[in-house]
Amino acid sequence: MKTDQHPGLAKAESIIEMLPWLVRHRGEIVVIKFGGNAMVDDELKAAFARDVVFLHHAGLKPVVVHGGGPQISAELDRRGLASEFKAGLRVTTPEAMNVVRMVLAGQVQRELVGLVNQHGPLAVGLTGEDAHTITAARHWPEINGELVDIGRVGEITEVDTGAIEALLENGRIPVISSIAHSQDDGHVYNVNADTAAAALAAALGAETLMVLTDVEGLYADWPNSDEVIGRLTATELEKLLPELSSGMVPKMAGCLHAVRNGVSDARVIDGRVQHAVLLEMFTDEGVGTVVVPDDEEGKS
């Protein structure tokens, strides 16, 4: 048998093709917001966990931030509590906050930590409350020129990365629930996971923020077109923000915050694609939209 016909050659070539990306990204912190359909599909969850472990063993430092919208809505419904959204954010009553806290820290986080740890003792779960990692004040969104009360939803005021950095230094993978310590009133706050991931990426000096979602990326003219914008600068994104659907606003605003605060790039990727994280990090076949700082315009 000739060497070039060996059945394992294609696999070897695919590994070798990753070498430039492995060299480029080694040692970098990558913050990944885990959300969308990837959170509720068992195969996608398992694939995501393997991707994160691969990043770790490839020499990167992944940090996972998660929400839990579908699971929270299901639990609220089971308890006869309504799910309501305003300005793209969940209205969070004190009763709903108890459910949010329980589902995020007690269900979603534990499952994800368990999936990662099937591959070794790597993942450690914490919430924004722990070691005051995320501090927040009450958020009052503006709708039609008026400030609206949406309950215990927090606006991040401070990030302390000490606990996360200690875990990374110890070779662990932090898995963080988007719940925040209160700045002033003793309450716990529900923080949008996209916003939390962006704030942590900036505070950690991450190289990349990656946001998993249920669409292919940012569409150029939705709903009139399904053409995905492959790359845009911070200023270009800022101009588009007022036109975006409410569900995309926190994701894209998070990307904008990240690249305006030291993160090299922010990516919204299609979490419905198995191994989307690896495709985005280690191939030219990206699966979403990349946002870069303005001074990166024109660079490849």
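Our subject in this report is the structure included herewith.

What counts and what doesn't
- Residues numbered from 1 in each chain as written.
- Predicted model: local features only at pLDDT ≥ 70, side-chain atom pairs only at ≥ 80, totals over all residues.
- Heavy atoms only, no water.
- Salt bridge = Lys/Arg side-chain N within 4 Å of Asp/Glu carboxyl O.
- Helix = DSSP H or I, 4+ residues; strand = E, 2+ residues; numbered from the N terminus.
- Buried < 20%, exposed > 50% of the residue type's maximum accessible area, 1.4 Å probe, protein only.
- Contact = heavy atoms within 4.5 Å.
- Phe/Tyr/Trp six-rings, centres within 6.5 Å; stacked < 30°, edge-to-face > 60°.
- Expected span 1.5 Å × (residues − 1).
- Polar contact = N/O pair within 3.5 Å; in protein donor to acceptor, adjacent residues only side chain to side chain.
- Pairing = 2+ DSSP bridges.

## Considering the pattern of salt bridges
- Inspection of every chain in the model, using the stated rule, returns 14 salt bridges.
- A salt bridge links Lys 45 to Asp 42; the nearest nitrogen and oxygen atoms lie 3.3 Å apart. Here Lys 45 and its partner Asp 42 are both found in helix α3 (residues 42-57), 3 residues apart, which amounts to about one turn of the helix.
- A relative accessible area of 7% means that Lys 45 is categorised as buried.
- Where Asp 265 meets Arg 267, a salt bridge forms, and the shortest distance between an N and an O atom there is 2.8 Å.

## Structural notes on the environment of Ile 156
- You can see Ile 156 is positioned in strand β9 (residues 154-159).
- Residue Ile 156 is classed as partly exposed on the basis of its relative accessible area, which comes to 23%.
- Separated by 19 residues in sequence, Ile 156 and Ala 137 have C-alpha atoms that sit 6.5 Å apart.
- Not counting residues up to four positions away in its chain, the partners in contact with Ile 156 are Ile 134, Thr 135, Ala 136, Val 191, Thr 195, Ala 196 and Ala 199.

## Remarks on the packing of aromatic side chains
- For the coordinates displayed, the defined rule picks out 1 aromatic pair.
- Ring centres of Phe 34 and Phe 48 lie 4.3 Å apart, and the angle between their planes is 20°; on these two criteria the pair is classed as stacked. Residue Phe 34 is found in strand β1 (residues 29-34), and its partner Phe 48 is found in helix α3; the two are separated by 14 residues along the sequence. Each member of the pair, Phe 34 as well as Phe 48, carries the same accessibility label: buried.

## Some points on α3
- In this model α3 runs 23 Å from its N-terminal to its C-terminal C-alpha over 16 residues, within 8% of the 22 Å that 1.5 Å per residue would give.
- Listing the buried residues of α3 in full gives Leu 44, Lys 45, Ala 47, Phe 48, Ala 49, Asp 51, Val 52, Val 53, Leu 55 and His 56.
- Of the surrounding secondary structure, the elements contacted by the buried residues of α3 are β1, β2 (61-66), α5 (94-117), β10 (173-182), β12 (208-213) and α10 (276-282).
- You can read the cap of α3 off the contacts: a side-chain oxygen lies 3.0 Å from the backbone nitrogen of Glu 43, and it is on Asp 41.

## Here's the deal with the pairing of β10
- Counting buried positions over the 10 residues of β10 gives 9, a clear majority of the element.
- Where β2 lies against β10, 3 bridges are found, and the strand directions are parallel. Paired with Val 65 across the strands is Ile 176, a residue of β10.
- Examined bridge by bridge, strand β5 (residues 123-128) and β10 share 6 bridges and lie parallel to one another. When the sheet's bridge partners are listed, Gly 125 is paired in β10 with Val 175.
- Note: β10 against strand β11 (residues 188-190), 3 bridges, orientation antiparallel. Residue pairing across strands places His 181 opposite Val 188, the latter belonging to β11.
- Between β10 and the antiparallel strand that follows it, β11, lie 5 residues; Gly 186 among them carries a positive phi value of about 80°.

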